[in-house]
Amino acid sequence: MDRLLNVGVIGLGMGRHHIAGYQNHPSAQVVAISDTDPIRLQEIGEKYNIPNRYTSAEQMLQEEKLDVVSIATPNKYHNPLALACFEAGCHVLCEKPMALSAVEGREMLAAAAKAGKRMMINFSYRFTEQSMALKQQVEMGTVGDIYFARTIWHRRRGLPGFGGWFGQKALSGGGPLIDLGVHRIDLALWLMGYPKPIWVLGSAYNPIGSALAASLNAKFDVEDLAVGLIKFDNGATLEVEASWAANIKESELMETRLYGTSGGLVQRNLDETYKFEAELYIEREGAHFDMKLHPPVPPVTTPMYHFIDSIVNDKPHIATGEEGLLVMEILDALYASAADGMPIKITRP
Ligand SMILES: NC(=O)c1ccc[n+]([C@@H]2O[C@H](COP(=O)([O-])OP(=O)(O)OC[C@H]3O[C@@H](n4cnc5c(N)ncnc54)[C@H](O)[C@@H]3O)[C@@H](O)[C@H]2O)c1
């Protein structure tokens, strides 16, 4: 393909990073953007020099000839907007979580297949030097077979836009589990080779968020902390923890640990920031070695660059809609288990 791909971006909070990501690729041009907030639309349109601006995404899809669309709206709109994009013949890069539920996710994948278009989920934490380097080691067999993993993202206090859509289940689908946990679940599963989940046990709590909401008269009907245990068809187990509010020392704590038959690994954030480190712990002939990733490290691209590159070079992309759906199945089951107080078996149609 030798022509420029026309790109549209819907939702301009996180969506502005999508614009910047696409603008880095020589085969992509962001020609149109959409946001229901006209002030944000104008501000971002001017900042990134995007000519065509729409307060209605549906109108944008009708009037523009787009090849690729990013969806970065509140979670509730991921499904209807993706369906509209596929109907308009576009490839879709959708923000995480894929949707509010696995049912919605399946509908999106069916629409993508019908249109013959691609669907990628913005699991952006794969696109770090540390995650990519670890994935390479896992694929080389450095840690052997992975049988257990623990993946967490905790915040001492970090309730996003308190009183806004993130804390309203009807708009978000849930709290920190679907917001932060989704990234850490994906990262662990990707490193583990995406085994199929078969059952889960989940718990969710919201003592801090609900007390704050009551004191501020704000809407908040999601958890502020969730934990879960996930069992896979290959016998492996994953433990997940996610919080926006917890009485812990760290303001921001991310860690994904994998336990393998001949080695282990860790990807974690440094000093409560969004910088990461990667380590491997290897056992060879009874001797134990620690390995740390040091610069210079192989460069990585953004998810947007990767998506465009995969399309123009006719190569498969990573962070597929199918993987997004497996994560949705886990999230659905964890929330159902938390509500029922019982383990839940994942069933597929
Ligand atoms: N991958 C990541 O690391 C990452 C980081 C932050 C947010 N996100 C995801 O990005 C999405 C957006 O989150 P955010 O933090 O940018 O939220 P936000 O509230 O800051 O921005 C959402 C924007 O979407 C607009 N919007 C709402 N409905 C719309 C519609 N129907 N059409 C067009 N625009 C619409 C809003 O006006 C707002 O400007 C969420 O799904 C979130 O989970 C991902």
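These numbers come from a predicted model, not from an experiment.

Undergrad: Report on the site of the ligand, specifying residues and quantitative values.
TA: Taken together, 25 residues are adjacent to the ligand, and Met14, Asp35, Arg40, Asn75 and Trp165 come closest. With respect to the ligand, the backbone of Thr73 contributes an N or O atom lying 3.2 Å from an oxygen atom. Within the contact set of the ligand, an oxygen atom lies 2.8 Å away from a side-chain nitrogen or oxygen of Trp165. For the ligand, the protein covers 80% of the area, taking 850 Å² as the surface of the free molecule. A breakdown of the residues in the shell around the ligand according to their chemical character gives ten nonpolar, ten polar and five charged.

Undergrad: Quick one: what's the story with the sheet that holds strand S11 (residues 252-260), residue by residue and with numbers?
TA: One open sheet holds the nine strands; their spatial order is S14-S13-S12-S11-S7-S10-S9-S8-S15, and the pairing between them is mixed. Each of the sheet's edge strands pairs with one partner strand only, and the pair in question is strand S14 (287-292) and strand S15 (344-345). Its contacts with the sheet put helix H6 (residues 129-139) on strand S7 (146-155), strand S12 (263-269) and strand S13 (276-284), and the angle it makes with S13 is roughly 20°. Its contacts with the sheet place helix H11 (residues 321-340) against strand S8 (197-205), strand S9 (225-232), strand S10 (237-243) and S15, and it is angled at close to 50° to S8.

Undergrad: Account for the packing of aromatic side chains, with residues named and values stated.
TA: Taken as a whole, this structure holds seven aromatic pairs when the rule is applied. Judged by centre distance (5.9 Å) and plane angle (80°), the rings of Tyr125 and Phe276 are edge-to-face. One end of the pair, Tyr125, is in the loop between strand S6 (119-122) and H6; the other, Phe276, is in strand S13, and 151 residues separate them in sequence. The buried category is assigned to Tyr125, whose relative accessible area is 13%. Classification of Phe276 as buried rests on a relative accessible area of 10%. Taken together, a centroid distance of 6.3 Å and an interplanar angle of 55° make the contact between Phe220 and Trp244 tilted. Of this pair, Phe220 sits in the loop between helix H9 (207-216) and S9 while Trp244 sits in the loop between S10 and S11, and the two are 24 residues apart along the sequence. This pair shows no difference in class: Phe220 is buried, exactly as Trp244 is.

Undergrad: So what's going on with the side chain of Ser101? Residues and values would help.
TA: In this fold, Ser101 is placed in the loop between strand S5 (91-95) and helix H5 (102-115). A polar side-chain atom of Ser101 sits 3.2 Å from the main-chain amide nitrogen of Glu104. Apart from residues no more than four positions distant in its own chain, Ser101 is found in contact with Met328 and Asp332.

Undergrad: Give a detailed account of helix H4 (residues 78-87), specifying residues and quantitative values.
TA: Taken as a whole, H4 has its buried residues at His78, Asn79, Leu81, Ala82, Cys85 and Phe86. Across the axial projection of H4, the buried residues extend over an arc of 165°, all falling on one side. In the stretch just after H4, Gly89 is the one whose phi turns positive, near 80°.

Undergrad: Any details on H11? Residues and values, ideally.
TA: Helix length check: H11 (20 residues) gives 28 Å between terminal C-alpha atoms against 28 Å at 1.5 Å per residue, within 8%. Most of H11 is tucked away, with 14 of its 20 residues classed as buried.

Undergrad: Before we move on, could you go through the nonpolar core and cite the residues and values that matter?
TA: Here is a general trend for soluble globular proteins: nonpolar side chains tend to be buried in one another's company. By size, the foremost hydrophobic cluster in this structure holds 89 residues, and its most contacted members are Tyr22 and Met119. A total of ten residues in this core trace back to one element, the largest contributor, which is helix H8 (residues 176-192). Discounting residues that sit within four places of it in the chain, Tyr22 has contacts with Val7, Val9, Ala28, Val30, Val68, Ser70, Leu93, Met304, Phe307 and Ile308. Counting residues in each nonpolar core, the second largest holds eleven residues, with Trp153, Leu159, Ala213 and Phe220 among its members.

Undergrad: Provide a residue-level description of the packing of H6 against H8, including the pertinent values.
TA: At a minimum axis separation of 9 Å, H6 and H8 run at an interaxial angle of 30°. If you check the angle between H6 and H8, you find them roughly parallel. Within the contact between the two elements, H6 uses Ser131, Met132, Leu134, Lys135 and Val138 and H8 uses Leu187, Trp190 and Leu191. When grouped by side-chain class, the residues that make up the contact of H6 with H8 number six nonpolar, one polar and one charged.

Undergrad: Any details on the environment of Leu134? Residues and values, ideally.
TA: Of note, Leu134 is situated in helix H6. Overall, Leu134 belongs to the buried group, its relative accessible area being 3%. Residues Leu134 and Leu265 lie 131 residues apart in sequence; the distance between their C-alpha atoms is 7.6 Å. Look past the residues within four positions of Leu134 in its chain and what remains in contact with it is Leu191, Leu265, Val266, Gln267, Ala278, Glu279 and Leu280.

Undergrad: Can you tell me about the pairing of S5, naming the residues and giving the values?
TA: Buried residues dominate S5, accounting for five of its five residues. Side chains of S5 alternate between two faces, with His91, Leu93 and Glu95 and Val92 and Cys94 buried alike. One ladder, built from four bridges, connects strand S4 (residues 68-71) with S5; its direction is parallel. Within S5, the residue paired with Val68 across the bridge is His91. Handedness of the crossover joining S4 and S5 through H4: right-handed.

Undergrad: So what's going on with the sheet that holds strand S2 (residues 28-34)? Residues and values would help.
TA: The strand order S3-S2-S1-S4-S5-S6 describes an open sheet built from six strands, whose pairing is parallel. Only two strands of the sheet have a single partner each, and these edge strands are strand S3 (52-54) and S6. Here the strands of the sheet are splayed against their neighbours by 25° on average, with no regard to which way each runs. Looking at chain direction, strand S1 (residues 5-10) and S4 are connected through four bridges and run parallel. Within S4, the position partnered with Ile10 by the bridge is Ile71.

The rules behind the values
Residues numbered from 1 in each chain as written. Predicted model: local features only at pLDDT ≥ 70, side-chain atom pairs only at ≥ 80, totals over all residues. Heavy atoms only, no water. Near = heavy atom within 4 Å. Polar contact = N/O pair within 3.5 Å; in protein donor to acceptor, adjacent residues only side chain to side chain. Areas by Shrake-Rupley, 256 points an atom, 1.4 Å probe, with all protein chains shown as cover. Nonpolar A, V, L, I, M, F, W, Y, C, P; charged D, E, K, R; others polar. Pairing = 2+ DSSP bridges. Helix = DSSP H or I, 4+ residues; strand = E, 2+ residues; numbered from the N terminus. Contact = heavy atoms within 4.5 Å. Axes fitted to C-alpha atoms, helices over the stretch in contact; angles between N-to-C directions. Phe/Tyr/Trp six-rings, centres within 6.5 Å; stacked < 30°, edge-to-face > 60°. Buried < 20%, exposed > 50% of the residue type's maximum accessible area, 1.4 Å probe, protein only. Arc of directions from axis to C-beta. Expected span 1.5 Å × (residues − 1). Core = buried A, V, L, I, M, F, W, Y, C linked by side-chain atoms within 4.5 Å. Parallel < 35°, antiparallel > 145°, perpendicular 65-115°, else oblique. Right-handed = clockwise from strand over helix to strand, strands pointing away.

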